[in-house]
Amino acid sequence: MSTAIVIFTHEFEQIRQRKIGSSSNFEQLTAKNRKLTHRVKQEWNNLSVEDREGLKEFAYDWLEPPAKGVFNLQLQIRVIIYFLYLHVTNQREAFRSCMKAINTLVETILDAVEREDPHYQAVLSDTLEQLYSGAIQGEELKPEETRDWLRSLSDEALGEV
């Protein structure tokens, strides 16, 4: 797993620096991300502490906003030029799929981190107990809205703690 994390970190850095140049590279990275996402979902507790820490560090680094100032203006210009390049070379969809896969991986890692936090588990148990006891009433949710609703409930409960 450690080797895969190093490879992914290198490939993610290529995306950030706008160095990937073909749709097939985006498609390969998308496939790798999906495999890693599946592995994180299925085997988080079986991963070594070092691998879990490396994945956490990657997720937090990925979410960190860029620095502000003159560097930010240069970055914005580079991003615009890169998006124009993606448009001209017809790689927009491959890039979007890759970014979606990376974001899904980051969300999966953060979900796994939340699940292993004992405070989170206690708050989640209390919230679910309130739901089952009828203390919280609400509207019927569609299946696709359930995850967001549960996340908002747990966020509210954590805010109270």
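Okay, so let's go over this structure. Just so it is clear, the structure is predicted and the values come from calculations on it, not from any experiment.

The rules behind the values
- Residues numbered from 1 in each chain as written.
- Predicted model: local features only at pLDDT ≥ 70, side-chain atom pairs only at ≥ 80, totals over all residues.
- Heavy atoms only, no water.
- Helix = DSSP H or I, 4+ residues; strand = E, 2+ residues; numbered from the N terminus.
- Buried < 20%, exposed > 50% of the residue type's maximum accessible area, 1.4 Å probe, protein only.
- Contact = heavy atoms within 4.5 Å.
- Areas by Shrake-Rupley, 256 points an atom, 1.4 Å probe, with all protein chains shown as cover.
- Core = buried A, V, L, I, M, F, W, Y, C linked by side-chain atoms within 4.5 Å.
- Phe/Tyr/Trp six-rings, centres within 6.5 Å; stacked < 30°, edge-to-face > 60°.

## Details of the overall build of the protein chain
When its secondary structure is counted, the protein chain shows seven helices and zero strands. From first element to last, N terminus to C terminus, the protein chain shows the α and β order α-α-α-α-α-α-α. Buried residues in the protein chain amount to 28% of all 161 residues. Restricting to contacts in the protein chain with at least 6 residues of sequence separation, those with at least 24 account for 74%. For the protein chain, the accessible surface area stands at approximately 11,100 Å², while carbon and sulfur atoms represent 54% of it.

## Remarks on the side chain of aspartate 111
With respect to the helices and strands, the residue aspartate 111 is situated in helix H5 (residues 92-116). Owing to a relative accessible area of 15%, aspartate 111 belongs among the buried residues under this scheme. Leave out the neighbours within four places in its chain, and aspartate 111 touches Arg147 and Arg151.

## Some points on the nonpolar core
One finds Phe26, Val40, Trp44, Leu55, Phe58 and Ile109 to be the most contacted residues of the largest nonpolar core, which totals 21 residues. Of all the secondary-structure elements, those providing two or more residues to this core are helix H2 (23-43), helix H3 (49-63), helix H4 (70-88) and H5. Here this core gets nine residues from one element, more than from any other, and that element is H5.

## Some remarks on the packing of aromatic side chains
The tally for this structure, following the rule as stated, stands at five aromatic pairs. An angle of 80° between the planes, with centres 5.4 Å apart, marks the rings of phenylalanine 26 and phenylalanine 95 as edge-to-face. Linking phenylalanine 26 in helix H2 with phenylalanine 95 in helix H5, this pair joins segments that are 69 residues apart in sequence. Overall, phenylalanine 95 belongs to the buried group, its relative accessible area being 11%. Taking the centre distance of 5.6 Å and the plane angle of 80° together, the rings of phenylalanine 83 and phenylalanine 95 count as edge-to-face. With a gap of twelve residues between them, phenylalanine 83 in helix H4 and phenylalanine 95 in helix H5 connect regions that are remote in the sequence. Aromatic ring contacts, followed pair by pair, group Phe26, Tyr82, Phe83, Tyr85 and Phe95 into a single cluster.

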